[in-house]
Amino acid sequence: MDLDVFVSAHRAEWDRLDALLRRQRRLNGAEVDELVVLYQRTATHLSQIQSSAPDPQLTGRLSQLVARARSVVTGTRRASWRDVTRFLTHGFPAAVYRSRHWWVPTALLSTLVAILLGWWIGTHPEVQATIAAPDELREMTRPGGQYETYYSSHPATSFAAQVWTNNAQAAAMCLVLGIFLGLPVLWTLLLNMLNLGVGIGLMASAGRLDVFLGLILPHGLLELTAVFVAAGTGLRLGWTLIDPGPRTRRSALAEEGRAALGMAIGLALVLFVSGAIEGFVTPSGLPTWARISIGVLAELAFLAYVYVLGGRAARAGDTGDVEEHERSAAVPTAA
């Protein structure tokens, strides 16, 4: 494509579209029809330039022009409670359900890694010695030690807020950093499983694994599931960069990226629930069986939410992406 010739041939159309968009008075019927036609043509021109002769300055100008025209043609729309309800009952669970082939194996493998690390640490005193001095290990694992008092060391409200913030940030990082071929996601997972494995190993070596599990399971089931979902989705996003399938790499990344962004919001809500359990249930005076039961019920409720509501929405064609009219226009380009 000769860019100068292309610009000379179509500049008048772009200028006319810009003039229509700047009109202060209401457009008449003929002008509206003209604006729609010019918007479609300019969108096609932008797509052709991006694929054949990318020029940053021209691409920027046409992108702004197309965006302005699109807002006029399609109109502006405010989010409503209907959108929130649809996201919670269709979009988010469908996105989690569609990613199940990534996050379920991630959860199983990560849990296995944590168990193996815990066994290795718990059965090898020389490994424990590299973690901390013997006195410090006893202080961490004794009755009333650091592992037990950690969950009641701060007021429940502030502790729950802190936990929720930290976990939501970790989940968002897994989702966002997945674009880097998933490598940062694997590192984040390893650190989380290493922390869990250290707790399992040290408390098991002190003969108090039951106490540790009684503290970690009430909130940990739902919390770790949310982390696994985020990690699996991040890995899927990284794999999309390698193998976009029948879609173009650009459209595949856009679709999966929008779904991942929505999942970040949904997982923040899930982690809010787990943070509340960690702040108010885990350190409470309830019997161990009652605290664990609450955690198990929360986990089963989330899985039912994903597999029942999410499965139904996914089979109906929902992908977790934004609705079609809210996406950027996809215009065919010449080969």
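Fair warning: this is a prediction, and the values are worked out from it, not measured in the lab. (Residues numbered from 1 in each chain as written. Predicted model: local features only at pLDDT ≥ 70, side-chain atom pairs only at ≥ 80, totals over all residues. Heavy atoms only, no water.)

Engineer: Just checking my understanding: could you explain the UniProt feature "transmembrane region" (unreviewed entry) in the chain for this structure?
Structural biologist: Taken from the UniProt record, the annotation "transmembrane region" (unreviewed entry) applies to residues 102–121, 170–191, 211–238, 259–277 and 289–308. In the segment residues 211–238, helix accounts for 100% and strand for 0%; the C-alpha atoms at its two ends are 38 Å apart. (UniProt positions renumbered as here; feature names shortened; annotations may be inferred. Helix = DSSP H or I, 4+ residues; strand = E, 2+ residues; numbered from the N terminus.)

Engineer: Sorry if this is basic, but what is going on with the side chain of S110 here?
Structural biologist: Summarising the element assignment, S110 is placed in helix α5 (residues 100–122). Apart from the residues lying within four places of it in its own chain, the contact partners of S110 are L189, M193 and F228. (Contact = heavy atoms within 4.5 Å.)

Engineer: Would you mind showing me how to read the nonpolar core here?
Structural biologist: Taken as a class, soluble globular proteins show a tendency for nonpolar side chains to be buried jointly. Membership of the largest hydrophobic core comes to 47 residues, with the highest contact counts inside it found for F92, V96, Y147, L202, F212, L267 and F302. A total of ten residues in this core trace back to one element, the largest contributor, which is helix α11 (residues 209–242). Apart from the residues lying within four places of it in its own chain, the contact partners of F92 are F87, G262, M263, G266, L267, V270, F302 and Y305. By size, the runner-up hydrophobic cluster in this structure holds 17 residues, among which are W14, L17, I49 and L62. (Core = buried A, V, L, I, M, F, W, Y, C linked by side-chain atoms within 4.5 Å. Buried < 20%, exposed > 50% of the residue type's maximum accessible area, 1.4 Å probe, protein only.)

Engineer: What am I meant to see in the pattern of salt bridges here?
Structural biologist: Oppositely charged side chains are able to pair whenever their charged atoms sit close together. Counted according to the given criterion, the structure contains nine salt bridges. Two residues, R22 and D18, come together in a salt bridge whose shortest N-O distance is 2.8 Å. Residue classification places R22 among the exposed positions, given a relative accessible area of 54%. Given a relative accessible area of 19%, D18 falls into the buried group. Ionic pairing is found between R138 and D135, a salt bridge with its closest N-O pair at 2.1 Å. (Salt bridge = Lys/Arg side-chain N within 4 Å of Asp/Glu carboxyl O.)

Engineer: Would you explain the confidence of the model for the chain in this entry?
Structural biologist: Regions with low pLDDT should not have their predicted coordinates read in detail. For the chain, mean pLDDT is 83; residues scoring 70 or higher make up 89% of the total. Taken together, the stretch residues 324–335 has pLDDT below 50 and engages in 18 contacts with residues farther than four places along the chain or on a different chain. (pLDDT = per-residue confidence, 0-100.)

Engineer: Would you explain the packing of helix α4 (residues 81–98) against helix α13 (residues 288–315) in this entry?
Structural biologist: In helix packing, the relevant descriptors are the interaxial angle and the interaxial distance, both defined with respect to the helix axes. The contact between α4 and α13 brings their axes to 7 Å, and the two run at 95°. Between α4 and α13, the angle is such that the two are roughly perpendicular. On the side of α4, the interface is formed by L88, T89, H90, F92, P93, A94, V96, Y97 and R98, while α13 contributes F302, Y305, V306, Y307, L309, G310, G311, A313, A314 and R315. Of the residues in the contact of α4 with α13, the class split is 13 nonpolar, four polar and two charged. (Axes fitted to C-alpha atoms, helices over the stretch in contact; angles between N-to-C directions. Parallel < 35°, antiparallel > 145°, perpendicular 65-115°, else oblique. Nonpolar A, V, L, I, M, F, W, Y, C, P; charged D, E, K, R; others polar.)

Engineer: What should I look at first to understand helix α7 (residues 134–141) in this one?
Structural biologist: For an α-helix, 3.6 residues make a turn, and residues three or four places apart therefore share a direction. The complete set of buried residues in α7 reads L137, M140 and T141. For α7, the buried positions fall inside an angular range of 85° around the axis, keeping them on one side. In this structure, the buried side of α7 is in contact with α6 (125–131), α8 (146–149) and α10 (183–205). (Arc of directions from axis to C-beta.)

Engineer: Help me understand the packing of aromatic side chains in this model?
Structural biologist: The geometry of an aromatic ring pair is captured by two quantities: the separation of the ring centres and the angle between the planes. Per the stated rule, a full pass over the model turns up six aromatic pairs. Residues Y97 and Y307 carry aromatic rings whose centres are separated by 5.7 Å and whose planes lie at 85° to one another, so their mutual orientation is edge-to-face. Of this pair, Y97 sits in helix α4 while Y307 sits in helix α13; the two residues are 210 residues apart in sequence, bridging distant segments of the chain. By relative accessible area, Y97 is classed as buried at 13%. Note on Y147 and F212: the rings are 5.7 Å apart at their centroids and 85° apart in plane angle, and the pair reads as edge-to-face. You can see Y147 sitting in helix α8 and its partner F212 sitting in helix α11, a full 65 residues away along the chain. F212 gets classed as buried once you look at its relative accessible area, which sits at 7%. Clustering of aromatic rings is evident, with ring pairs tying together F87, F92, F302 and Y305. Directly above the aromatic system of Y97 lies the positively charged group of R100, at a separation of 3.9 Å from the ring centroid. (Phe/Tyr/Trp six-rings, centres within 6.5 Å; stacked < 30°, edge-to-face > 60°. Lys NZ or Arg CZ within 6 Å of the ring centre and 35° of its normal.)

Engineer: What is the right way to look at α5 in this model?
Structural biologist: Helix length check: α5, at 23 residues, gives a terminal C-alpha distance of 32 Å against a target of 33 Å (1.5 Å per residue), a fit within 8%. Taken together, the buried positions of α5 are occupied by W103, T106, A107, S110, A114, L117, G118 and I121. On its buried side, α5 packs onto α4, α6, α10, α11 and α13. (Expected span 1.5 Å × (residues − 1).)

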